[in-house]
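Results of the structural survey
The residues making up each chain are set out below.
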There are 2 protein chains.
Amino acid sequence: MSTIEDVAKLAGLSRTTVSRVINNHPYVSEDKRKLVMEAMKQLGYVPNSSARSLRSQKTDVIALFVPRIMNPFFSQLVEAMEISAAEHGYQLIICQTRYSPEKELNYMNLLKTKQVDGVILASIQNDWKVLEPFLQYGPIVLCNEFDEQANVPSVMLDQVQGGYIATKHLLEQGHRRIAYCRGSTRSNVASHREIGFRKALAEYGLEFDEQYAFRDAFHSEDGRRVFHQMMALPTPPTAVFTGSDEVAAGIISEANKHGCRIPDQLAVVGFDNQEITELIEPSITTVHQPVDKMAQKALEVMIDKIHSRKYKQREIYEFPLKLIVRESTVANKLAQL
Amino acid sequence: MSTIEDVAKLAGLSRTTVSRVINNHPYVSEDKRKLVMEAMKQLGYVPNSSARSLRSQKTDVIALFVPRIMNPFFSQLVEAMEISAAEHGYQLIICQTRYSPEKELNYMNLLKTKQVDGVILASIQNDWKVLEPFLQYGPIVLCNEFDEQANVPSVMLDQVQGGYIATKHLLEQGHRRIAYCRGSTRSNVASHREIGFRKALAEYGLEFDEQYAFRDAFHSEDGRRVFHQMMALPTPPTAVFTGSDEVAAGIISEANKHGCRIPDQLAVVGFDNQEITELIEPSITTVHQPVDKMAQKALEVMIDKIHSRKYKQREIYEFPLKLIVRESTVANKLAQL
DNA sequence: CCGGTTACTGAAATCGTTTTCATACCTGAA
DNA sequence: TTCAGGTATGAAAACGATTTCAGTAACCGG
């Protein structure tokens, strides 16, 4: 492995000049630059990144925290974020917290040890009070998350609006007994959607009915469970709003199995616009989230913070969601076949 | 930010002793160790990882190359790999080549610049000749990939067997006109499956029929296309083997739409055992791949190579696949409802 | 009592860069 | 002619750790 010293020697110049060429500093004459370039090529020289990071106090690496990657929403987020990072010359280190506060805290040391220039949290497991001290070591940006206490930038999707448009759509279809099915109880995302859900109900003079509320629904299996719970009620709902396409798919799959016709007997709306929404029969009405845009913005904000060094500043960037109507809520769409 | 020097001063000792405490070296008396620990805690000291890497010539970071993360097979791989990495005290940098040889080559510089200790290739876009020179900078391990020329460890799944058991299952169900539907033409994975496919056919005295062969099928949309291509044939196949559950789902979804009964008129077998196989109606017979085991093994092999420094050694680790029979190939399974 | 381990400690070299500082030349304006 | 300022270069310090080397004290067997 050749070092900058080797290049300097071969070119008959000093380390300084070689470094200047590498970093495109001004004040290097054209002929010396040529000499250096030639020497670098001849030796197959590439600067050592540890040495670089040590001296310049930056790593060009960003850590992305997600609960887990398999969840399609987060795969999409990771994919988009990695692409944006690469475009800006950054590498991405993936940290799966697996919903564990300890793991999250442990990964936070990446910032403290200066292994990364910043941390993007697409999932928060600890109280902000616990996380805040890490701000002295580098920037933290929230992505798809939000915390009342957090004095850092937050890039998010307008989940209130998402819950609202989905519910309003069901109301417009004439439904009045609408079940509500959400994931994690702690999640701000889910809470915001619920606000939107309630807001839509309120506009139609309806109240939130606790018997129609189902918690902790994450996967298709939970959807199957919820389907049976709903049908076992004295007056089952005629429509259901779910927090994820997987859950919606589980409900629909189970309904199909038991001869419950969708959307006639039960209308279903999902969330995320995953591929499955178009594969299952009937296809699923859902809410599209501009994950790519959010990821890109979060990364840009992060890079901005890295450069400006003003971390403790609250900023909110919000993107709108879009309803995508398919067969699971609109009967006549089926007739078109 | 405090340095090791600050700790040494506060403890009234030398940098050397502090370093010894940090790295659990022997020959540090208990009382000095206490002093150091106390000083570290008081200052909130954490060693700077760039400085560490520079001196010790290792980063405890591994790069994982995948074409893209959204593909469920690769999300699963990344998830499993990250968990294993964390357990061994390593970080994972994600590199999406997006099927581009240039991007792959570019990411390879992570090894050259010593930003990572090793590279795990879960996707190969360049000829091995192009990649091989990078071996002088650090270890490369293939995961779910294989190259005749590559003189490095390869951790893989027995795709020949996978193609074989899936096809044999169809043959045992009485099918004789079996279509074959694969993804990338360059992929060794797909080639191996085809070998297994042909082997099973041969055992039943059948020949590979080119009219039943479909290439470049990756997504559900391709499945829909293939369905129509198959049905347009003079004598359509009675069964189809696909290289992915998504494609299988596309075929089934399109078949459902057009009143083609599965498995009576067309039996379908997928690959990967993704969640969708149990969500769609009918559920999909598929081949389960022990991705977690493979990922774990690949990481262990990588760590072993990092320590042993013997990179240019060919080793092959292979895991068996398992057929999972569901409704898309076995008629009476539907009857159980 | 001496020579040879073993236990413990620190000064200084080292890893490979970037950055600061000093120096020197050249140009053009006063 | 002089002086300010732009251009070009290199010596040496700095980044923050680990590792080598040397040295001292304690212990132990002959």
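How each quantity is defined
- Residues numbered from 1 in each chain as written.
- Chains lettered and ligands numbered in written order.
- Predicted model: local features only at pLDDT ≥ 70, side-chain atom pairs only at ≥ 80, totals over all residues.
- Heavy atoms only, no water.
- Domains from an automatic or database assignment.
- Near = heavy atom within 4 Å.
- Polar contact = N/O pair within 3.5 Å; in protein donor to acceptor, adjacent residues only side chain to side chain.
- Buried < 20%, exposed > 50% of the residue type's maximum accessible area, 1.4 Å probe, protein only.
- Helix = DSSP H or I, 4+ residues; strand = E, 2+ residues; numbered from the N terminus.
- Pairing = 2+ DSSP bridges.
- Right-handed = clockwise from strand over helix to strand, strands pointing away.
- Contact = heavy atoms within 4.5 Å.
- Buried area = accessible area lost by both parts, 1.4 Å probe.
- Salt bridge = Lys/Arg side-chain N within 4 Å of Asp/Glu carboxyl O.
- Nonpolar A, V, L, I, M, F, W, Y, C, P; charged D, E, K, R; others polar.
- Axes fitted to C-alpha atoms, helices over the stretch in contact; angles between N-to-C directions.
- Core = buried A, V, L, I, M, F, W, Y, C linked by side-chain atoms within 4.5 Å.
- Least-squares fit on C-alpha atoms with pLDDT ≥ 70 in both.
- Phe/Tyr/Trp six-rings, centres within 6.5 Å; stacked < 30°, edge-to-face > 60°.
- Lys NZ or Arg CZ within 6 Å of the ring centre and 35° of its normal.

Here's the deal with the domain arrangement of chain A
Looking at chain A, the domain boundaries give domain 1 (4-47), domain 2 (57-157 + 291-319) and domain 3 (159-289 + 324-335). Here the C-alpha centroids of domain 1 of chain A and domain 3 of chain A sit 63 Å apart.

Here we look at the protein's contact with DNA strand D
Near DNA strand D lie 28 residues; those nearest to it are Thr17 and Lys32 of chain A together with Ile4, Ser19 and Arg55 of chain B. Among the atoms of DNA strand D lying within 4 Å of the protein, the sugar-phosphate backbone contributes 55%. One of the side-chain nitrogen or oxygen atoms of Arg55 of chain A is found 2.9 Å away from a base nitrogen of DNA strand D. In this structure, Arg52 of chain B approaches DNA strand D through a side-chain N or O atom, which is 3.0 Å from a phosphate oxygen.

Describing the pairing of strand β1 (residues 61-66) of chain B
Residues and elements named next belong to chain B. Buried residues dominate β1, accounting for 6 of its 6 residues. The sheet contact formed by β1 and strand β2 (residues 91-96) spans 6 bridges and is parallel. Looking at the pairing, Ile62 lines up with Leu92 of β2. Following the chain from β1 across helix α5 (residues 72-87) to the adjacent parallel β2, one finds a crossover that is right-handed. With 4 bridges joining them, β1 and strand β3 (residues 118-121) adopt parallel strand pairing. Its bridge partner lying in β3, Ile62 is registered against Gly118.

Points about the interface of chain B and chain A
With 53 residues of chain B in contact, the opposing surface of chain A contributes 53 residues. Where chain B abuts chain A, roughly 4,600 Å² becomes buried across the two surfaces, and 56% of that area is made up of carbon and sulfur atoms. Summed over the shared surface of chain B and chain A, the number is 4 salt bridges. Arg68 of chain B serves as the salt-bridge partner of Glu79 of chain A, at 2.9 Å between the closest nitrogen and oxygen. Mapped by element, the contributors of at least two residues to the side of chain B that touches chain A are α4 (49-56), α5, β2, α6 (101-112), α10 (220-231) and α11 (245-257) of chain B. If you tally residues by element for the side of chain B that touches chain A, the top one is α5 of chain B, at 8 residues. Classifying every residue of the side of chain B that touches chain A by side-chain character gives 24 nonpolar, 17 polar and 12 charged.

With respect to the side chain of Ser253 of chain B
Note on placement: Ser253 of chain B falls in helix α11. The class of Ser253 of chain B is buried, set by a relative accessible area of 0%. Not counting residues within four places of it along the chain, the set of residues in contact with Ser253 of chain B comprises Glu278, Leu279 and Glu281 of chain A together with Arg224 of chain B.

Re the sheet that holds strand β6 (residues 178-181) of chain B
Residue and element names in this part refer to chain B. Spatial ordering of the open sheet is given by β7-β6-β8-β9, a layout of 4 strands whose pairing is parallel. Lying at the two open borders of the sheet, with one neighbouring strand each, are β7 (213-214) and β9 (267-269). In the sheet, β6 pairs with β7 via 2 bridges, with the strands oriented parallel. Counted as the bridge partner of Cys181 is Phe214 from β7. Here helix α9 (residues 188-203) sits on the sheet in contact with β6 and β8 (239-242), set at roughly 170 degrees to β6. Along the sheet face, α11 touches β6, β8 and β9 and points at about 150 degrees away from the line of β8.

Brief notes about the sheet that holds strand β7 (residues 213-214) of chain A
Across a sheet, paired strands are connected by hydrogen bonds in the backbone, their directions being either parallel or antiparallel. Residue and element names in this part refer to chain A. Pairing in this open sheet of 4 strands is parallel, and the strands run β7-β6-β8-β9 from one edge to the other. Every interior strand has two partners, whereas the edge strands, β7 and β9 (267-269), have only one. Against the sheet, helix α8 (residues 159-172) makes contact with β6 (178-181), β8 (239-242) and β9, and its axis sits at roughly 170 degrees relative to β8, the strand it touches most.

Some details on the protein's contact with DNA strand C
The environment of DNA strand C is made up of 28 residues, and the closest members are Ile4 and Arg55 of chain A together with Thr17, Lys32 and Arg55 of chain B. Sugar and phosphate atoms form 56% of the subset of DNA strand C atoms that lie within 4 Å of the protein. In this structure, a sugar or linking oxygen belonging to DNA strand C sits 2.9 Å away from a side-chain N or O atom of Tyr45 of chain A. Between DNA strand C and Arg15 of chain B, the relevant distance is 3.4 Å, taken from a base nitrogen to a side-chain nitrogen or oxygen of the residue. Put simply, the parts of the chain that give the surface near DNA strand C at least two residues each are α2 (15-22) and α4 (49-56) of chain A together with α2 (15-22) and α4 of chain B. Counted by class, the surface near DNA strand C contains 10 nonpolar, 11 polar and 7 charged residues.

Let's talk about the pairing of strand β5 (residues 154-157) of chain A
Residue and element names in this part refer to chain A. Here β5 shows no split at all, with Ser154 and Met156 on one side and Val155 and Leu157 on the other all buried. As judged from the 2 bridges shared by strand β4 (residues 140-143) and β5, these two strands associate in the parallel manner. Pairing of Leu142 across the sheet is with Ser154, part of β5. Alignment of β5 against strand β11 (residues 316-319), held across 4 bridges, turns out to be parallel. Looking at β11, one finds that Leu157 is bridged to Phe319.

Topic: the pattern of salt bridges
Residue and element names in this part refer to chain A. Scanning all chains against the criterion turns up 30 salt bridges over all chains. The partner of Glu5 in a salt bridge is Arg15, and the shortest N-O contact between them spans 2.8 Å. Placement of Glu5 in helix α1 (residues 4-11) and of Arg15 in helix α2 is noted, with a sequence separation of 10 residues between them. By relative accessible area, Glu5 is classed as partly exposed at 31%.

Details of the nonpolar core
Here is a general trend for soluble globular proteins: nonpolar side chains tend to be buried in one another's company. Counting 96 residues, the largest nonpolar core has Leu64, Leu77 and Met81 of chain A together with Leu64, Leu77 and Met81 of chain B as its most contacted members. Excluding residues within four positions of it along the chain, Leu64 of chain A makes contact with Val78, Met81, Leu92, Ile93, Ile94, Cys95, Ile120 and Ala122 of chain A.

Quick notes on the relation of the copies chain B and chain A
Of the transformation superimposing chain B on chain A, the axial component is 0.1 Å and the angular component is 180 degrees, with the fit at an RMSD of 0.2 Å. A rotation of that kind, with that shift, is consistent with a two-fold axis. An overlap of 100% is found between the interface residues of chain B and their copies at the interface of chain A, pointing to a shared contact surface.

Observations regarding the environment of Ala150 of chain A
Residues and elements named next belong to chain A. Relative to the elements of secondary structure, Ala150 occurs in the loop between β4 and β5. Looking at Ala150, the relative accessible area reads 3%, which means it is buried. Spatially, the C-alpha atom of Ala150 lies 51 Å from that of Glu38, the residues being 112 residues apart in sequence. Look past the residues within four positions of Ala150 in its chain and what remains in contact with it is Trp128, Leu142 and Arg314.

Section: the packing of aromatic side chains
Aromatic ring pairs are reported here in terms of the distance separating the ring centres and the angle at which the planes meet. The full count for this structure, using the stated rule, is 18 aromatic pairs over all chains. Here the aromatic rings of Phe65 of chain B and Tyr107 of chain B are separated by 6.0 Å at their centres, their planes lie at 70 degrees, and the arrangement is edge-to-face. Taken together, the positions of Phe65 of chain B in strand β1 and Tyr107 of chain B in helix α6 put the pair 42 residues apart, joining distant regions of the chain. With respect to burial, Phe65 of chain B and Tyr107 of chain B carry one shared label: buried. Judged by centre distance (4.6 Å) and plane angle (40 degrees), the ring pair of Tyr180 of chain B and Phe197 of chain B falls under tilted. With Tyr180 of chain B in strand β6 and Phe197 of chain B in helix α9, this residue pair connects regions lying 17 residues apart in the sequence. Grouping residues by exposure puts Tyr180 of chain B and Phe197 of chain B together as buried. An aromatic cluster of at least three residues, connected via ring pairs, comprises Tyr180, Phe197, Phe208, Phe241 and Phe271 of chain A. Across the ring face of Phe208 of chain A, the terminal group of Arg198 of chain A is positioned such that the distance to the ring centre comes to 3.9 Å.

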